[in-house]
Amino acid sequence: MKSVIDRDGNFVCTFEGGNINLDDPAYEGCTVVDGDAPLQEVNAAIEEEARLRLIEIEAERDEEHRHLHELEDRIAQLEALVNP
Amino acid sequence: MTVLSVQNEFQSGDNVTATSLNNLVNQANFNADTTDSSTLEVHSSGYLKVKDNGIQAQHLKSDADDTNNNQRAVTTNHIRNNAITSAKIAANAVDSSEIASEAVTTAKIENDAVTLAKLQNIATSKVIGRTSAGDGDPELIDIKDDDAMANASATALATQQSIKAYVDNNGGNEVAILTGVINTGATIPLPDGYTQAQCAWMVAVGNVVSNHGDHNANHNLRMTANGDRVVTTTGIGTGSGSANYMIIGVK
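Presented here is a report on the structure given in the accompanying data block. What you are looking at is a predicted structure, and each value in this text was computed from that prediction instead of being measured.

1. Observations regarding the packing of aromatic side chains
- Counted under the stated rule, the structure contains zero aromatic pairs over all chains.
- Seen from the ring of Tyr194(B), Lys251(B) lies directly overhead, with NZ or CZ sitting 4.6 Å from the centre.

Below, the structure is given as structure tokens:
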């Protein structure tokens, strides 16, 4: 397996089964490197992004739950005032 | 040496008559000393006989040239059936004239003993085979060096050179297949030596992280590659990801 990175070092793709056509204008300035290290870096970044997003979502849910509890407490207080 | 022993010997003054002579001869016996007791012996009944195992080779009639074809003492009548063993036949004594036609069977030929030189000569560009229907004798099959395969014979073979030439000139397509992982927004690579018009491609969802402001909403995740092979991902909000791709080139 080989990998393609663009002129800025960003991962473009991996390939196997043959060589690619580097004359393709879409690949201008790109470089072919052995192995899939660039892909592994991207995958690691995606997984880190997912992990952070999950923490963020869980925090949002905690905030929503806390807000719901506050609303339920207020409703209970109002009901107590209306029906002492 | 006394050959005969007689019953009554004539004495001096005896009258010799025909009767007395006949009696003398008829009553005489062979004397055992008259034989060598190795080739000849006196039988107990009084007659001479060849002694068992007494005849040696020198006692048989010899005729080196066999000019008369009837002078030699031993004929085939004197040899029992199946009596001659292989040890009695001198090396290289049997030639083809002593072997009957079609007498040599397969079992009489040693494995790997028949060399190519022992087969009949065959013409140039022929092999031994069979194309006629049914079992039968081997036949000569043509080997044709015909680059165009113009004859398309069903009973001839083609040379390696002509097969290659025909395939090179008329043969099948070349195919290239690339697989890999591609980043969203990138362009699927072309196999080396192929144009986009000679290729077909597809993508499938790879490693994706979805990031929406409203994570409870329904999202339609799609990863596609357009006509210019550019990979697009939708339904992941501000997330990112990669796709698995395959591109096939045929020319």
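2. Looking at the interface of chain A and chain B
- At the interface, 25 residues of chain A touch 30 residues of chain B.
- Of all residues in chain A, Asn21(A), Ile46(A) and Arg53(A) bury the most surface against chain B, accounting for 24% of the area lost on that side.
- Taken together, chain A and chain B are joined by one salt bridge.
- A salt bridge links Asp24(A) to Arg229(B); the shortest N-O distance between them is 2.8 Å.
- The dominant element in the side of chain A that touches chain B, judged by the number of residues it contributes, is helix α1 (residues 37–82) of chain A, at eleven residues.
- Within the side of chain A that touches chain B, the residues separate by chemical class into twelve nonpolar, six polar and seven charged.

3. Re the nonpolar core
- The biggest cluster of nonpolar side chains holds 21 residues, and the ones touching the most others in it are Val4(A), Tyr27(A), Ile182(B) and Tyr245(B).
- Of all the secondary-structure elements, those providing two or more residues to this core are β2 (11–15) of chain A together with β8 (175–183), β9 (199–209) and β12 (240–250) of chain B.
- Those residues in contact with Tyr245(B) that sit more than four places away from it in its chain are Cys13(A), Thr14(A), Phe15(A), Leu178(B), Thr179(B), Gly180(B), Val181(B), Ile182(B), Ile188(B), Pro189(B), Met202(B) and Val203(B).
- Core analysis: the second largest hydrophobic core is formed by six residues, Phe11(A), Ile46(A), Val181(B) and Val209(B) among them.

4. Quick look at the pattern of salt bridges
All names here are of chain A.
- Across all of its chains, the model carries eleven salt bridges over all chains by this definition.
- In this structure, Glu 70 and Arg 66 form a salt bridge, with 2.4 Å as the shortest nitrogen-oxygen distance. With Glu 70 and Arg 66 both in helix α1, this residue pair falls four residues apart, about one helical turn.
- For Arg 66, a relative accessible area of 40% corresponds to the partly exposed category.
- Ionic contacts of the salt-bridge type, sharing partners, join the residues Arg 53, Glu 56 and Glu 60 into one network.

5. Focus on the side chain of Thr14(A)
- Relative to the helices and strands, Thr14(A) is located in strand β2.
- Judged by its relative accessible area of 0%, Thr14(A) is buried.
- Beyond its immediate chain neighbours, meaning those up to four positions away, Thr14(A) contacts Met1(A), Lys2(A), Ser3(A), Asp36(A), Leu39(A), Thr179(B), Gly180(B), Val181(B) and Tyr245(B).

6. Structural notes on unusual backbone geometry
Residues and elements named next belong to chain B.
- Positive phi outside glycine occurs at Asn 82, with the angle close to 60°.
- Relative to the helices and strands, Asn 82 is located in the loop between β4 (48–50) and β5 (126–129).
- Here Asn 82 falls in the exposed class, since its relative accessible area comes to 81%.

About the thresholds
- Residues numbered from 1 in each chain as written.
- Chains lettered and ligands numbered in written order.
- Predicted model: local features only at pLDDT ≥ 70, side-chain atom pairs only at ≥ 80, totals over all residues.
- Heavy atoms only, no water.
- Phe/Tyr/Trp six-rings, centres within 6.5 Å; stacked < 30°, edge-to-face > 60°.
- Lys NZ or Arg CZ within 6 Å of the ring centre and 35° of its normal.
- Contact = heavy atoms within 4.5 Å.
- Buried area = accessible area lost by both parts, 1.4 Å probe.
- Salt bridge = Lys/Arg side-chain N within 4 Å of Asp/Glu carboxyl O.
- Helix = DSSP H or I, 4+ residues; strand = E, 2+ residues; numbered from the N terminus.
- Nonpolar A, V, L, I, M, F, W, Y, C, P; charged D, E, K, R; others polar.
- Core = buried A, V, L, I, M, F, W, Y, C linked by side-chain atoms within 4.5 Å.
- Buried < 20%, exposed > 50% of the residue type's maximum accessible area, 1.4 Å probe, protein only.

Function-wise, these values are silent; they only describe arrangement.
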